Amino acid sequence: MSHQRIPKRRTALAAGGVLALGAAAILLPHASASQDGASQDGASQDGASQGAATAPRTLGATDAPGLAARLAGQLGDAFAGSYYDSAGRRLVVNVVPDGDGTAAERAKRAGAVVREVDNSMTELDAGTRTLTAEAAVPGTSWAVDPRTNKILVTADSTVTGDRWNRLESTVRGLGPGLATIRKSQGTFRTFASGGDAIFAGGSRCSLGFNVTAGDGTPAFLTAGHCGVAAEQWSDTQGGQPIATVDQAVFPGAGDFALVRYDDPATVAPSEVDLGEATLAITQAAQAAVGQEVFRMGSTTGLADGQVLGLNATVNYPEGTVTGLIQTDVCAEPGDSGGAMFTRDGLAIGLTSGGSGDCTSGGETFFQPVTTALEAVGATLGDAGGEQAGGEQAGGEQAPGAGGEAGAGQEPGGDGTGDRAGGAETGAGRENPGAGTGQDSGPAGTH
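Residues numbered from 1 in each chain as written. Predicted model: local features only at pLDDT ≥ 70, side-chain atom pairs only at ≥ 80, totals over all residues. Heavy atoms only, no water.

Moving on, we get to the overall build of the protein. Along the protein, the regular secondary structure elements total ten helices and 23 strands. Every one of the 446 residues in the protein was classed for burial, and the buried ones make up 57%. Of the contacts formed within the protein by residues at least 6 apart in sequence, a portion of 67% connects residues at least 24 apart. Carbon and sulfur atoms form 48% of the exposed surface of the protein, whose accessible area is close to 16000 Å². (Helix = DSSP H or I, 4+ residues; strand = E, 2+ residues; numbered from the N terminus. Buried < 20%, exposed > 50% of the residue type's maximum accessible area, 1.4 Å probe, protein only. Contact = heavy atoms within 4.5 Å. Areas by Shrake-Rupley, 256 points an atom, 1.4 Å probe, with all protein chains shown as cover.)

Summarising the element assignment, Thr128 is placed in helix α6 (residues 121–134). Separated by 2.7 Å, the side chain of Thr128 and the backbone oxygen of Asp125 make a polar contact. Excluding its chain neighbours within four sequence positions, the residues that come into contact with Thr128 are Trp142, Val144 and Ile151. (Polar contact = N/O pair within 3.5 Å; in protein donor to acceptor, adjacent residues only side chain to side chain.)

The next thing to look at is the packing of aromatic side chains. Following the criterion strictly, the structure yields four aromatic pairs and no others. Here Phe188 and Phe365 contribute two aromatic rings whose centre-to-centre distance is 5.7 Å and whose plane-to-plane angle is 90°, an arrangement assigned as edge-to-face. Linking Phe188 in the loop between β6 (179–183) and β7 (189–190) with Phe365 in strand β23 (residues 364–368), this pair joins segments that are 177 residues apart in sequence. Neither Phe188 nor Phe365 differs from the other in exposure class; each is buried. For the pair Phe250 and Tyr316, a centre-to-centre distance of 6.1 Å together with 45° between the ring planes defines the contact as tilted. Of this pair, Phe250 sits in the loop between β13 (241–249) and β14 (256–261) while Tyr316 sits in strand β19 (residues 301–316), placing them 66 residues apart in sequence. One exposure class covers both Phe250 and Tyr316, and it is buried. (Phe/Tyr/Trp six-rings, centres within 6.5 Å; stacked < 30°, edge-to-face > 60°.)

Our focus in this paragraph is the pairing of strand β20 (residues 319–327). The two faces of a sheet get side chains in turn, since along a regular strand they alternate between them. Alignment of β19 against β20, held across six bridges, turns out to be antiparallel. What sits directly across from Ala312, in β20, is Leu324. (Pairing = 2+ DSSP bridges.)

Buried together is how nonpolar side chains tend to be arranged in soluble globular proteins. Counting 25 residues, the largest nonpolar core has Phe209, Leu221, Phe341 and Val369 as its most contacted members. Counting only elements with at least two residues in this core, the list comes to β10 (209–212), β11 (218–222), β14, β18 (292–297), β21 (339–341), β22 (346–354) and α9 (369–376). With four residues, the single largest contributor to this core is α9. Those residues in contact with Leu221 that lie beyond four places of it in its chain are Leu207, Gly208, Phe209, Val211, Ala257, Leu258, Gly337, Leu350, Val369, Ala372, Leu373 and Val376. (Core = buried A, V, L, I, M, F, W, Y, C linked by side-chain atoms within 4.5 Å.)

What follows deals with empty space enclosed by the protein. Scanning all chains against the criterion turns up two cavities of 30 Å³ or more. Each pocket or cavity is described by its volume, and for the second largest cavity that value is around 30 Å³. Surrounding the second largest cavity, Ala143, Val144, Asp145, Leu152, Leu308, Gly309 and Gln326 form its lining. At the level of secondary structure, the elements contributing two or more residues to the lining of the second largest cavity comprise β4 (140–145) and β19. Residue composition of the lining of the second largest cavity, grouped by class: four nonpolar, two polar and one charged. (1 Å grid on protein atoms, 1.4 Å probe; cavity = no way out; pocket = protein on both sides within 12 Å on 5 of 7 lines; lining within 4 Å. Points joined across faces, edges and corners; volume = space filled by probe spheres on them. Nonpolar A, V, L, I, M, F, W, Y, C, P; charged D, E, K, R; others polar.)

Looking now at the sheet that holds strand β1 (residues 79–85). One open sheet holds the three strands; their spatial order is β1-β2-β3, and the pairing between them is mixed. With partners counted over all chains shown, the strands left at the sheet margins are β1 and β3 (113–116), one partner each. For this sheet, the mean angle separating the axes of adjacent strands, direction not counted, is 25°. Judged from the four bridges that link them, strand β2 (residues 90–95) and β3 form a sheet pairing that is parallel. Bridge pairing in β3 places Val95 opposite Glu116. (Axes fitted to C-alpha atoms, helices over the stretch in contact; angles between N-to-C directions.)

These figures capture arrangement, not role.
What follows is the structure in structure tokens.
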């Protein structure tokens, strides 16, 4: 592969692949306006400048992690988590009452909506450690849900009998009001399968994002469980390898892999293929609970949803994985490694696994891109912007990218799409190098 995109192939997507495409087609063209709050309050970045405004700040979701991180440092033990209110475009900060109210007042001055809660982060973190030590059975997961100020524990359909009793007993032992359990109808699994996109033996995965490796050569990120499954990957089933795994983590502290293109002259643009158009990816950013996100995968195409939890622990059959993002975005086998991103071109996550499908729904977990980039020493997008807080959201490039996306997507107008079903939803997705769509070459790109 030398300065050329890889051969085009058409792949029909499952009907589930157009879930919420109507929303995506409407939202993506307006990328330039989606996070306008990110700049309108720029003069008072910490919300407390020049004294005074106590009214909550209007801000974009990509600004929320930065403000939350600052307040976590300033409030100390009184800080009990935060989440993004997408409807009101506000950061909501949980505060444990500190007697004199100084913590709440400081958060208000910073521009956050303050909510007094009972459980401190110290208590919540201790609870998750207890769960890890005493109830890490396959088919379970847990993450702190700042909206309820509790640990949300999920058990899939395989957790029965003694394993269910063990989990329930552990949660009960944490004390009242600290954790809740819910059952999932599906089964937690990694989303690798045989079929389209990138191939290695009998496995199929999706590419996430093109990156530049530490030595300046082109590479891409995908799921770690894909990286440990095989060393070399091809863009066609049974085809010649085009890329070789350099680093992979799974299970353990993440689910990510860096895969280097075998041809150092490979053109690997930083964008996500949305079908008949692409969305430019400008940089990586941290997720915020409540944030709207989109996912692209080789099985189901484009889907959207919101972030439900951070630093999630998932107990897959292969082992425990920590530090993941929990969402309600659907995914299916073959979507593993695919890109999770925002409407304005920020890379958020890599598809790991979960339960359910794009018909019945379910939970899906993602590897944070910021963590993966730091671990493998790679850069993404403009490589010079902020990789963590998303303060500079890359909106300057988004209008063009988003405009293309809306023009080409046309998912049948209503989001369920005349082109769904068997009618080659991805007909325009002749993905000459797309990892997140079909027939991957340069990862997650067109």
